[in-house]
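Architecture at a glance
These are the residues of each chain, in order.
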Amino acid sequence: MSTSQVSRRVWSIGLVSGMGGMLVMLDATLAALALVCVQADLNAPLEDAQWVITSYLIAIAVSLPTSTWFGHRFGHGRIWGVALAAFIAASIGCAFAASLDALIAARIAQGLAAGILLPTGHAILVGGAERDQLGRVLGVVGTLISLAAAIGPGIGGWLVDVASWRWLFWINVPLGAIAAVWAAKVMPAGRAQHGLKLPLGQFFLIVTGLPLALYGASEITSRYPSGNGWLFIGGGAMLLALFIAVARTSPSSLLALDLMRNPQFRASSLLAVGNSANLFGGLLLFPLYFHAQQEMSYSQIGMMLVFMGAGTSSALYLAGHLVDRFGPRPVVLAGAAMLAMSAAPFALLSVPSDIAAMLMFVRGIGLAWTTNPTTAAAYAAVDRKDIGGAATLVNIVQRVSGALGAVAVVAAIGWLDGGGGRGEVRAMGLMVVLPLLQAWWGTYLTGYRAVREPG
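If you're wondering where the values come from, they're calculated on a predicted model, not measured in any experiment. (Residues numbered from 1 in each chain as written. Predicted model: local features only at pLDDT ≥ 70, side-chain atom pairs only at ≥ 80, totals over all residues. Heavy atoms only, no water.)

**Let's talk about the overall build of the protein**
A tally of regular secondary structure across the protein gives 18 helices and zero strands. Evaluated residue by residue, the protein yields a buried proportion of 59% over its 455 residues. Considering only contacts within the protein whose residues lie at least 6 apart along the sequence, 85% involve residues at least 24 apart. Roughly 17700 Å² of accessible area belongs to the protein as shown, and the carbon and sulfur atoms make up 67% of that amount. (Helix = DSSP H or I, 4+ residues; strand = E, 2+ residues; numbered from the N terminus. Buried < 20%, exposed > 50% of the residue type's maximum accessible area, 1.4 Å probe, protein only. Contact = heavy atoms within 4.5 Å. Areas by Shrake-Rupley, 256 points an atom, 1.4 Å probe, with all protein chains shown as cover.)

Shown next, in the form of structure tokens:
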């Protein structure tokens, strides 16, 4: 299957939007790295401290449904710039946080901004690229984002050891300023649709239903549940069901739910559940494992994450090229096999540091070969006019699944510990089981030949 040449304009937009995604990913990675330090500094148990990560992902999921509307109403490029500025301001708030509650509040503000930043950047980029270019374009953008995972933890671990976890949030300020200046030169502002109204009823249902359901899931998996978890889950589920009913019958739906009728898009969304749960669950679990089981310093833990990020960076462009040429299914299946094989030794054996570094590198390749091909397959399945709605749905699935993955890891550590301090080792079984589910779901993906032409 022949592929077309990607224009310089598309590459420029991709690099700028990739810088926004890099900031979002960097924040998730560094927060996971410093979680143990934050626990000690702010005197918080793991069940409470994990909300530094989970609240960020939930906030992203909450603001995501509005991203398409804001993009259409004011122009995707303009909204992207506003979200970037808000993200930088919230990062400063995280750096100054004097308590766990203040830190979580600032992380929520970061997540709300990130929930706009991610899909609008994708919508701008994918809207300017051809279908047979998506694998390569998203591969290069993903490489830039993964550089945050490759370089950031090494620097971040060193900063935590010699200074404070607060410096991890200061990193966002100069990087965000560079992205803002660059975006002003190359990012198209987009076309504003004046008079477009936000469906407030739908907005209320989804921004209350999602947090309630996710908070309930966190509560019932806690080591010391209060008994209200199922009540929160039930209330959240009712609100989300009502949202779906209203959105499907409304002429101005907040989310493009009709896209789920597309078999390729639906299969990609299902696969994204496993991908994100694996990614964000692993970002929480591996630092805890290295700290508790191998007594590594923050700098050493950071270097382990550097190896994982290096594996992702080195594999993304090849993954994109293979997806454009052969379709996503074989690439995803190979990536899922790498994820399972790289996690299994941690669950079964005492792994020396040099072997652990090699396994983390393989894990990074596996992440590259599952996550980006899934995203490319989802975008390739829809008409060009639906890209904004597709980007919002894909990102909602990814962030909600990531939050559930983090919650599941904390629950597994507590439940499987058994009083012997082996909870992190036994929780590694999740990192083996999830790739098996990813491989199963990946068999439902089709090739690009099966998708529709641009509308």
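**Examining unusual backbone geometry**
One non-glycine residue, Glu 295, lies in the positive phi region at around 50 degrees. With respect to the helices and strands, Glu 295 occurs in the loop between helix 12 (263-293) and helix 13 (298-326).

**Here we look at the packing of aromatic side chains**
Any two aromatic rings considered together are summarised by their centre-to-centre distance and by the angle between their planes. Evaluated as defined, the whole model comprises seven aromatic pairs. Their ring planes at 75 degrees and their centres at 5.6 Å tell us that Tyr 289 and Phe 290 sit as a pair that is edge-to-face. For Phe 290, a relative accessible area of 1% translates into the label buried. Positioned over the ring face of Tyr 56 is Arg 107, at 4.1 Å from the centre of the ring. (Phe/Tyr/Trp six-rings, centres within 6.5 Å; stacked < 30°, edge-to-face > 60°. Lys NZ or Arg CZ within 6 Å of the ring centre and 35° of its normal.)

**Some words on the packing of helix 4 (residues 51-74) against helix 5 (residues 76-96)**
Interaxial distance between helix 4 and helix 5 falls to 9 Å at its minimum, and their mutual angle equals 150 degrees. As helix 4 runs across helix 5, the sense of the crossing is right-handed. Facing Tyr 56, Phe 70, Gly 71, His 72 and Phe 74 of helix 4, the residues of helix 5 in contact are His 76, Arg 78, Ile 79 and Phe 87. Considering only residue class, the contact of helix 4 with helix 5 consists of five nonpolar, three polar and one charged. (Axes fitted to C-alpha atoms, helices over the stretch in contact; angles between N-to-C directions. Left-handed = near helix turned anticlockwise from the far one by under 90°. Nonpolar A, V, L, I, M, F, W, Y, C, P; charged D, E, K, R; others polar.)

**A closer look at a nonpolar patch on the surface**
Together, Met 303, Phe 307 and Phe 361 line one region of the surface with nonpolar side chains, adding up to about 250 Å² of accessible area. The topology assignment puts Phe 307 in helix 13. For Phe 307, a relative accessible area of 36% translates into the label partly exposed. (Patch = residues over 30% accessible without salt bridge, like charges linked within 9 Å, V, L, I, M, F, W, Y side chains within 5 Å. Salt bridge = Lys/Arg side-chain N within 4 Å of Asp/Glu carboxyl O.)

**Digging into helix 4**
Look at helix 4: 32 Å from first C-alpha to last across 24 residues, which is about the 34 Å you get at 1.5 Å a residue. In the structure, helix 4 departs most strongly from a straight axis at Thr 66, where the bend amounts to approximately 40 degrees. Most of helix 4 sits out of view: 21 of its 24 residues are buried. (Expected span 1.5 Å × (residues − 1). Bend = angle between axes of the 7 residues up to and from the residue.)

**Here's the deal with the packing of helix 14 (residues 328-348) against helix 18 (residues 429-442)**
A pair of packed helices can be characterised by two numbers: the angle between their axes and the separation between those axes. At a minimum axis separation of 8 Å, helix 14 and helix 18 run at an interaxial angle of 165 degrees. With respect to helix 18, the axis of helix 14 lies roughly antiparallel. In this structure, helix 14 meets helix 18 at a crossing whose hand is left-handed. In this structure, helix 14 uses Arg 329, Val 332, Leu 333, Ala 336, Leu 339, Ala 340, Ala 343, Ala 344 and Ala 347 to contact helix 18, whose residues at the interface are Gly 429, Met 431, Val 432, Pro 435, Gln 438, Ala 439 and Gly 442. (Parallel < 35°, antiparallel > 145°, perpendicular 65-115°, else oblique.)

**Observations regarding the confidence of the model for the protein**
Scored by pLDDT, the protein has a mean of 79; 84% of the residues are at 70 or more. By mean pLDDT, helix 7 (residues 134-162) is the weakest element of the protein at 69, and helix 14 is the strongest at 90. Within the model, pLDDT remains below 50 along residues 448-455, and this stretch shows 23 contacts once partners closer than five positions in the same chain are excluded. (pLDDT = per-residue confidence, 0-100.)

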